[in-house]
Amino acid sequence: MPISPYLNNRQWSKLFNFLKNDPNVQVGSPEKLHIFIEAVFWMLRGGCQWRLLPRDYGHWNTVFKRFTYWSKKGVWTRLFDYCVEDPDLEYVSIDTTIVRAHACSAGYRKDSQQEEALGRSRGGFSTKIHAKVDALGNPVKLQLTGGNSSDIKCASELIDGDSYRKILADKGYDSNDFLIQGLMNDCEMVVPPKKNRKLQRNYDEHIYKERHVVECFFGKIKHFRRVFSRFDKAARSYLSFVCLACAHVWLR
């Protein structure tokens, strides 16, 4: 095994329970599978080129091909969903964060920037992560868009499918359609109104302070270099790294 594993026995046991039952995962040797997962965590933390992966983890190209195959089959996304265990949905917070994209992330296919969640904004060439977290700041749902997309673009999808007492969001989500969607689901919408609204709405300013949990969540996953800066050309590969970082938040 690698000298400095990222996963303790409890964390690895939980991941292995998922992996051994996933139809797209060939377990083979549990020890070799463990080394592969540790290799991906090493890439997630360091953010370096695949070619620089230490030989202790195996040949870099073998690890890269297996990681890419799992990305195409949605294994990493399902792994994140599996780690989401009993979230506190009394209230949820949604927000976005901008991630600068390295020049090497461009050029996956011609004219594919929008499809690969890349765009140019005032922050430069970037990707935007849309996230929903529970009352404790644990991630529940993710979406990717180009950095030039508005915050409200994925809001409807983020809150769809679950029931909550309150939904917390900043002024960027002050949209009539979004507010109506929440109210139709019997949610209290804790969203401050924009200054240009003719009729200013009241909102619970006390509970709105709890929205800081989503900002803290972004701070946690951006400790991983592979999340903080996007180096992956394919959106599915970058999303896989983000999902693994989110799974780690639940495993802590």
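Scroll up for the structure.
What counts, and at which threshold
- Residues numbered from 1 in each chain as written.
- Predicted model: local features only at pLDDT ≥ 70, side-chain atom pairs only at ≥ 80, totals over all residues.
- Heavy atoms only, no water.
- Disulfide = S-S within 2.5 Å.
- Buried < 20%, exposed > 50% of the residue type's maximum accessible area, 1.4 Å probe, protein only.
- Salt bridge = Lys/Arg side-chain N within 4 Å of Asp/Glu carboxyl O.
- Helix = DSSP H or I, 4+ residues; strand = E, 2+ residues; numbered from the N terminus.
- Axes fitted to C-alpha atoms, helices over the stretch in contact; angles between N-to-C directions.
- Parallel < 35°, antiparallel > 145°, perpendicular 65-115°, else oblique.
- Contact = heavy atoms within 4.5 Å.
- Nonpolar A, V, L, I, M, F, W, Y, C, P; charged D, E, K, R; others polar.
- Pairing = 2+ DSSP bridges.

A covalent bond between the sulfur atoms of two cysteines is what we call a disulfide. If you walk through the whole model with that rule in mind, you get zero disulfides. Free of any disulfide, cysteine 104 has its nearest neighbouring cysteine sulfur in cysteine 48, separated by 12 Å. Cysteine 104 gets classed as partly exposed once you look at its relative accessible area, which sits at 33%.

Moving on, we get to the pattern of salt bridges. Using the criterion set out here, one finds 10 salt bridges in the structure. Among the salt bridges present, the one from aspartate 174 reaches arginine 197, with a minimum N-O distance of 2.7 Å. Here the residue aspartate 174 occupies a position in the loop between strand S5 (166-168) and helix H6 (176-184), and arginine 197 occupies one in the loop between strand S6 (188-190) and helix H7 (205-208), the gap between them amounting to 23 residues. Each of Asp95, Arg211 and Glu215 takes part in salt bridges that share partners, so that together they form one network.

What follows covers the packing of helix H2 (residues 30-46) against helix H3 (residues 60-73). Relative orientation of the contacting elements H2 and H3 amounts to 85°, with a least axis distance of 11 Å. If you check the angle between H2 and H3, you find them roughly perpendicular. In this structure, H2 uses Leu33, Phe36, Ile37, Ala39 and Val40 to contact H3, whose residues at the interface are Val63, Arg66, Phe67 and Trp70. The residue inventory of the contact of H2 with H3, partitioned by class, reads eight nonpolar, no polar and one charged.

With that settled, consider the pairing of strand S3 (residues 124-133). Extensive coverage of S3 is indicated by the burial of 10 of its 10 residues. Looking at chain direction, strand S1 (residues 91-101) and S3 are connected through eight bridges and run antiparallel. Across the sheet, residue serine 93 finds its bridge partner in S3, namely valine 133. From the end of strand S2 (residues 119-121) to the start of S3, which pair antiparallel, there are two residues. In terms of strand pairing, S3 meets strand S4 (residues 139-146) through seven bridges, oriented antiparallel. Residue pairing in the sheet places histidine 130 in a bridge with glutamine 143 of S4. Here S3 folds back onto S4, and the loop between the two strands holds five residues, one of which, glycine 137, carries a positive phi near 85°.

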